[in-house]
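One letter stands for each residue in the lines below.
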Amino acid sequence: MNDRITKARALRRAVQLWCGTLSDESVMLEVAALYPQWRDKTAYRAGAVVRCGLDENGEPRLWRVLQDHTSQAGWEPENAPSLFKRVGMDGELPLWTQPLGASDAYEQGDRVSHLGRVWVSVCGGNVWEPGVYGWESGEDA
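Now for a quick tour of the structure. (Residues numbered from 1 in each chain as written. Predicted model: local features only at pLDDT ≥ 70, side-chain atom pairs only at ≥ 80, totals over all residues. Heavy atoms only, no water.)

Okay, a nonpolar patch on the surface next. Taken together, the side chains of Trp-128, Val-132 and Tyr-133 make up a nonpolar region of the molecular surface, amounting to roughly 340 Å² of accessible area. With respect to the helices and strands, Tyr-133 occurs in the loop between β9 (117-121) and β10 (135-140). (Patch = residues over 30% accessible without salt bridge, like charges linked within 9 Å, V, L, I, M, F, W, Y side chains within 5 Å. Areas by Shrake-Rupley, 256 points an atom, 1.4 Å probe, with all protein chains shown as cover. Salt bridge = Lys/Arg side-chain N within 4 Å of Asp/Glu carboxyl O. Helix = DSSP H or I, 4+ residues; strand = E, 2+ residues; numbered from the N terminus.)

Here it is, written out as structure tokens:
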């Protein structure tokens with residue numbers, strides 16, 4: 001096998017192992033494409049994180065495995081709430097993540113969870129952190 005391919009595979013595995021050490025969900029979402037894709041007929045351990053599906057912005061969704069199991073068709077993360085919990089969600093609300101620009105900015109009325117509170121965007125094209133500008137604080141999350 002080509003030495004470059006072998007090194008690239010080793011590097012990818014090292015990065016995936018590093019991703020497994022992350023605990024801050026907002027950071028995990030920033031590097032979501034680095035997590036392994038969910039597959040059926042695969043053994044998963046509780047605590048592992050997999051990538052499956054896209055969110056409303058076209059970004060990969062991450063899911064944390066809740067219990068050891070071997071996956072099968074029909075047990076995709078979005079269909080198996082006893083096996084997976086979506087990363088980046090605080091109950092029914094998404095965690096705030098820093099937009100990269102206008103393409104993924106928050107729109108007026110968008111609701112997020114950030115630092116233990118619910119925030120509502122009061123403007124369109126909102127790229128600011130809640131509490132800085134463009135957000136109203138709601139109830140505790």
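With that settled, the discussion passes to the sheet that holds strand β3 (residues 60-65). Here three strands make up an open sheet; going across it, the order is β2-β3-β5 and the pairing antiparallel. Two strands lie at the open edges of the sheet, namely β2 (49-54) and β5 (84-86), each paired on one side alone. Neighbour to neighbour, the strand axes of the sheet diverge by 40 degrees on average, direction disregarded. (Pairing = 2+ DSSP bridges. Axes fitted to C-alpha atoms, helices over the stretch in contact; angles between N-to-C directions.)

The residue Ser-71 is located in the loop between β4 (69-70) and β5 in this model. Setting aside residues up to four positions removed in sequence, Ser-71 forms contacts with Trp-38, Arg-39, Asp-40, Lys-41, Thr-42 and Tyr-44. (Contact = heavy atoms within 4.5 Å.)

On to the pattern of salt bridges, then. Throughout the structure, instances matching the rule amount to two salt bridges. In this structure, Lys-7 engages Asp-3 in a salt bridge whose closest nitrogen and oxygen atoms are separated by 3.2 Å. Of this pair, Lys-7 and Asp-3 both sit in helix α1 (residues 3-19), four residues apart, which is roughly one turn of that helix. With relative accessibility at 54%, the residue Lys-7 sits in the exposed group. Arg-45 is the salt-bridge partner of Asp-68, the closest N and O atoms lying 2.9 Å from each other. A residue pair is termed long-range when its members are at least 10 positions apart, and Asp-68 in the loop between β3 and β4 and Arg-45 in the loop between β1 (43-44) and β2 qualify at 23 residues. Judged by relative accessible area, Asp-68 falls into the partly exposed class, the value being 42%. Judged by its relative accessible area of 60%, Arg-45 is exposed. (Buried < 20%, exposed > 50% of the residue type's maximum accessible area, 1.4 Å probe, protein only.)

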